[in-house]
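Read off the chains here:
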Amino acid sequence: MSIKETGDKGKRSEHLEKGEEFLEMFRKGQEFTQDLLKENERLRFQVVHLEEEMKKRLETPDSAQANSLSQDMVEKLAQYEMRLEDLKSKLTEVEAENIDFAQRYIDVEEQNNNLANLYVASFQLHSTLEYKEVLQIILEIIINLIGGEAFAIYLLDEKTKTLNPEASEGVLFSEIPHVLLGEGVIGKAVMANESYFNESPSEELKELYEDPLVCIPLTIQDDVIGTIVLFRLLQQKVTFAPVDFELFTLLAGHAATAIFSSRLFTESKRKLSTYQGFLDLLSQ
Amino acid sequence: MASLTFLIIEDSPTMRQLIRFALNRIPGAEVVEASDGVDGLKKLSSNQVDLILSDINMPIMDGLKLVSLVRSNEAYKDVPIVMITTEGAKEDKERAMALGANAYITKPIQSTALLSTVKELLKL
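Predicted model only: the values in this text are computed from it and were never measured.

(A) Representation of the packing of aromatic side chains. Residue and element names in this part refer to chain A. What the rule picks out here adds up to 7 aromatic pairs over all chains. Ring plane angle 80 degrees and centroid distance 5.6 Å describe the contact between Phe240 and Phe248, whose orientation is recorded as edge-to-face. An angle of 65 degrees between the planes, with centres 6.4 Å apart, marks the rings of Phe245 and Phe248 as edge-to-face. Remark: Phe248 and Phe245 occur in helix α7 (residues 242–283); sequence separation between them is 3 residues, near one turn of the helix. When its relative accessible area of 5% is taken as the criterion, Phe248 is described as buried. Members of the aromatic cluster, joined through ring pairs, are Phe197, Phe240, Phe245 and Phe248.

Structure below.
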C-alpha cells in the first residue's frame, strides 16, 4: 500500500465520521421539529379550549359573572338599586303632587274669576238708586258677564197679575209679549217661583217667547216682583259655565232688591218734590 | 317690575270694573278708564299708555274709528290694542285686525284669557 492510498483512506474515514455526525444532528433536528409541532398542536388545542370557555362565560354572565364579583360590590349594587327604587317612587309622588297643585291652582284661578264676576255684578247692582240705571246695569251684567244676546226684564203688576216687559236687549221691545201669571213657561215659572232652564231651545225667536232659554224669577224673600227671561245667547257662547248659574242666583235676589229699592227711591223722590212744591205754595 | 299703564275704553261701567280687576293682577299695573272713543283719545294724549283695551260698540266714537285714529297718529301708532266686543263673527274680527288691532277678545271675557293676551302682547 502506497502512502497515497493510506492518506486517501484516512480522509474517507474522516468524511464518514463527519457524515454520521451530520446525520445524527439532522435526526436530532427532525425530532426537535416534531416535538415543536406537537407542542404547537397542544397549545392550539388549549387556545381553542380557552376561547370556548371565554365565550361560554360571556354568554352566561349572570351567575358566573355575579359570582366573580366580590361580595362587597354586590352589596353596594343592591344598595344603589334600592336607593334608585326609592328615588323613583319619590319622583312619582312629587309628580302626582305637582299635578294636584296645578289642578288646585286652576280651580283657585277659576274660583277667583267667578268671585270677581260676582263681586262686580253685586257692586254694580247696588251702586245706584236710579231706577233706569239699575235696569241698565242688569242688562250690562247679562250681556257682559253671562253672554246673553236677546233677553227681557219683566215686572209683575200685582193688580192685573200680568208680567210686563220693562227693559230688553237684542229684541224689539214692542214685540215682547205680556204674560199672564201662571200662563205659559214664563208665567208658570214666576208663579212657582222656580228658575227654568231649557236644554233644547228653539231657533226661532218668536217661538222662544213661548219657550225661552232661561227664566229667572226676581224675588225679595218669598215675593216675586218679576223675572229675567233669556231668549238667546251670543253666538260665541256655546254653553253655560258654572259661574253663570251663580250669576243667575245673584240676579234673582240682588237684581230684585235693586229694582225694588230704586223704584221706591225714585217714587219717594218724586213725591217729595211734589210735597215740597205744595209746601212752597202754602208758605208763599 | 316697572309700572304699566293700561287704557280701558268701554261704555259699560260693569265691564270696565271687570277688566280693571283682571289687570290689577299684573304687578305695577295702572289703569286709566274712558267711556267712549273720544274720551279715550283725550286720556291717551294725557297719559303714557302701554296698552289699550277697547270695546267696539260705543256711543260718540266707536272702537274701530278709535283704532284707525290711533294707528294714524305717529305718537301712538305702536301702542298695542286689544279689542273686546260682543261681536263673535269672523268678519268683525278680521275688520278690527285689518284696521290695526293686535288682538280680539269676545264677551263674556275670561280674566285668564284677557291676562294671557295682555302678557303676550307686552311680552311679560
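Having seen the structure, we can now continue with the description.
(B) The side chain of Ser262 of chain A, seen in detail. Along the polypeptide, Ser262 of chain A turns up in helix α7. When near neighbours in sequence (up to four residues on either side) are disregarded, Ser262 of chain A contacts Leu129, Glu130, Tyr131 and Val134 of chain A.

(C) Representation of helix α3 (residues 63–72) of chain B in the model. Residue and element names in this part refer to chain B. Turning to α3, its buried residues number three or more, namely Gly63, Leu64, Leu66, Val67 and Val70. Projected down its long axis, α3 carries its buried residues within an arc of 155 degrees, all on one side. On its buried face, α3 is in contact with β1 (4–9), α2 (37–46), β3 (51–55), β4 (81–85) and α4 (90–99). By the N-cap criterion, in which a side-chain oxygen at the helix start approaches the backbone nitrogen of a residue two or three places on, α3 is capped by Asp62, the distance to Leu64 being 3.2 Å.

(D) Structural view of the pattern of salt bridges. Inspection of the entire model under this criterion finds 17 salt bridges over all chains. For Lys161 of chain A, the salt bridge is made with Glu158 of chain A, and the minimal N-O distance between the two is 3.4 Å. Close ionic contact of Asp55 of chain B with Lys107 of chain B constitutes a salt bridge, the shortest N to O distance being 3.7 Å. Taken together, the positions of Asp55 of chain B in strand β3 and Lys107 of chain B in the loop between β5 (103–106) and α5 (111–122) put the pair 52 residues apart, joining distant regions of the chain. Owing to a relative accessible area of 4%, Lys107 of chain B belongs among the buried residues under this scheme.

(E) Examining the sheet that holds strand β2 (residues 162–169) of chain A more closely. All names here are of chain A. Pairing within the open sheet is antiparallel, and its 6 strands lie in the order β3-β2-β1-β6-β5-β4. On the outer flanks of this sheet lie β3 (179–180) and β4 (196–197), each paired with one strand and no other. Two strands pair when backbone bridges link them, and strand β5 (residues 214–220) and strand β6 (residues 223–233) are joined in this way by 7 bridges, in the antiparallel orientation. Looking at the pairing, Leu218 lines up with Gly226 of β6. This element, α7, spans β1 (148–157), β4, β5 and β6 of the sheet and lies at about 45 degrees to β5.

(F) Main features of a nonpolar patch on the surface. Residues and elements named next belong to chain A. On the surface, Phe22, Met25 and Phe26 cluster together into a nonpolar patch covering about 380 Å² of accessible area. By the element assignment, Met25 lies in helix α1 (residues 3–59). Owing to a relative accessible area of 59%, Met25 belongs among the exposed residues under this scheme.

(G) Representation of the nonpolar core within the structure. Membership of the largest hydrophobic core comes to 59 residues, with the highest contact counts inside it found for Ile138 and Ile259 of chain A together with Leu53 of chain B. The greatest single-element share of this core, amounting to 11 residues, is contributed by helix α4 (residues 131–146) of chain A. Ignoring anything within four residues of it in the chain, the contact list for Ile259 of chain A reads Tyr131, Val134, Leu135, Ile138, Ile153, Leu155, Leu218 and Ile225 of chain A. Ile56, Val79, Ala96 and Tyr104 of chain B belong to the second-largest nonpolar core, a separate cluster that totals 21 residues.

(H) View of the side chain of Lys107 of chain B. A distance of 3.5 Å separates a polar atom in the side chain of Lys107 of chain B from a polar atom in the side chain of Glu10 of chain B. In contact with Lys107 of chain B, not counting residues within four places along its chain, are Asn144, Leu234 and Gln236 of chain A together with Glu10, Met15, Asp55, Ile84, Thr85 and Thr86 of chain B.

(I) Structural view of the interface of chain B and chain A. At the interface, 19 residues of chain B touch 21 residues of chain A. Both sides of the chain B and chain A interface together cover about 1700 Å² of buried area, and 54% of this is carbon and sulfur. When the buried surface of chain B facing chain A is broken down by residue, Thr14, Gln17 and Pro108 of chain B rank first, second and third, together holding 33% of it. At the surface where chain B touches chain A, the tally comes to 1 salt bridge. For Arg25 of chain B, the salt bridge goes to Glu109 of chain A, with nearest N and O atoms at 2.7 Å. For the side of chain B that touches chain A, the elements supplying multiple residues, two or more each, are α1 (13–23) and α5 of chain B. In terms of residues, the side of chain B that touches chain A owes the most to one element, α1 of chain B, which gives 6 residues.

(J) How the structure looks around empty space enclosed by the protein. Enumeration over the complete set of coordinates arrives at 2 cavities of 30 Å³ or more. The wall of the largest cavity is formed by Asn113, Asn114, Asn117 and Val243 of chain A together with Leu18, Ile109, Gln110 and Ser111 of chain B. For the lining of the largest cavity, the element with the most residues is helix α3 (residues 71–125) of chain A, which contributes 3 residues. Taken together, the residues of the lining of the largest cavity sort by class into 3 nonpolar, 5 polar and no charged. By volume, the second largest cavity amounts to about 30 Å³. What lines the second largest cavity is simply Asn117, Leu145, Lys237, Ala241, Val243 and Asp244 of chain A together with Pro108, Ile109 and Gln110 of chain B.

(K) Representation of the environment of Phe151 of chain A within the structure. Among the structural elements, Phe151 of chain A can be located in strand β1. Taking the C-alpha atoms as reference points, Phe151 of chain A and Gln284 of chain A, separated by 133 residues in sequence, lie 50 Å from one another.

(L) Quick look at helix α5 (residues 184–192) of chain A. Residue and element names in this part refer to chain A. Within the sequence span of α5, burial applies to Ile186, Gly187, Ala189 and Val190. Down the axis of α5, the sector holding all buried residues measures 165 degrees, keeping them to one side. Turned more than 90 degrees off the buried face of α5, the exposed positions are Lys188 and Met191. Buried-residue contacts for α5 involve β1, β2, β3, β4, β5 and β6.

About the cut-offs
- Residues numbered from 1 in each chain as written.
- Chains lettered and ligands numbered in written order.
- Predicted model: local features only at pLDDT ≥ 70, side-chain atom pairs only at ≥ 80, totals over all residues.
- Heavy atoms only, no water.
- Phe/Tyr/Trp six-rings, centres within 6.5 Å; stacked < 30°, edge-to-face > 60°.
- Helix = DSSP H or I, 4+ residues; strand = E, 2+ residues; numbered from the N terminus.
- Buried < 20%, exposed > 50% of the residue type's maximum accessible area, 1.4 Å probe, protein only.
- Contact = heavy atoms within 4.5 Å.
- Arc of directions from axis to C-beta.
- Polar contact = N/O pair within 3.5 Å; in protein donor to acceptor, adjacent residues only side chain to side chain.
- Salt bridge = Lys/Arg side-chain N within 4 Å of Asp/Glu carboxyl O.
- Pairing = 2+ DSSP bridges.
- Axes fitted to C-alpha atoms, helices over the stretch in contact; angles between N-to-C directions.
- Patch = residues over 30% accessible without salt bridge, like charges linked within 9 Å, V, L, I, M, F, W, Y side chains within 5 Å.
- Areas by Shrake-Rupley, 256 points an atom, 1.4 Å probe, with all protein chains shown as cover.
- Core = buried A, V, L, I, M, F, W, Y, C linked by side-chain atoms within 4.5 Å.
- Buried area = accessible area lost by both parts, 1.4 Å probe.
- 1 Å grid on protein atoms, 1.4 Å probe; cavity = no way out; pocket = protein on both sides within 12 Å on 5 of 7 lines; lining within 4 Å.
- Points joined across faces, edges and corners; volume = space filled by probe spheres on them.
- Nonpolar A, V, L, I, M, F, W, Y, C, P; charged D, E, K, R; others polar.

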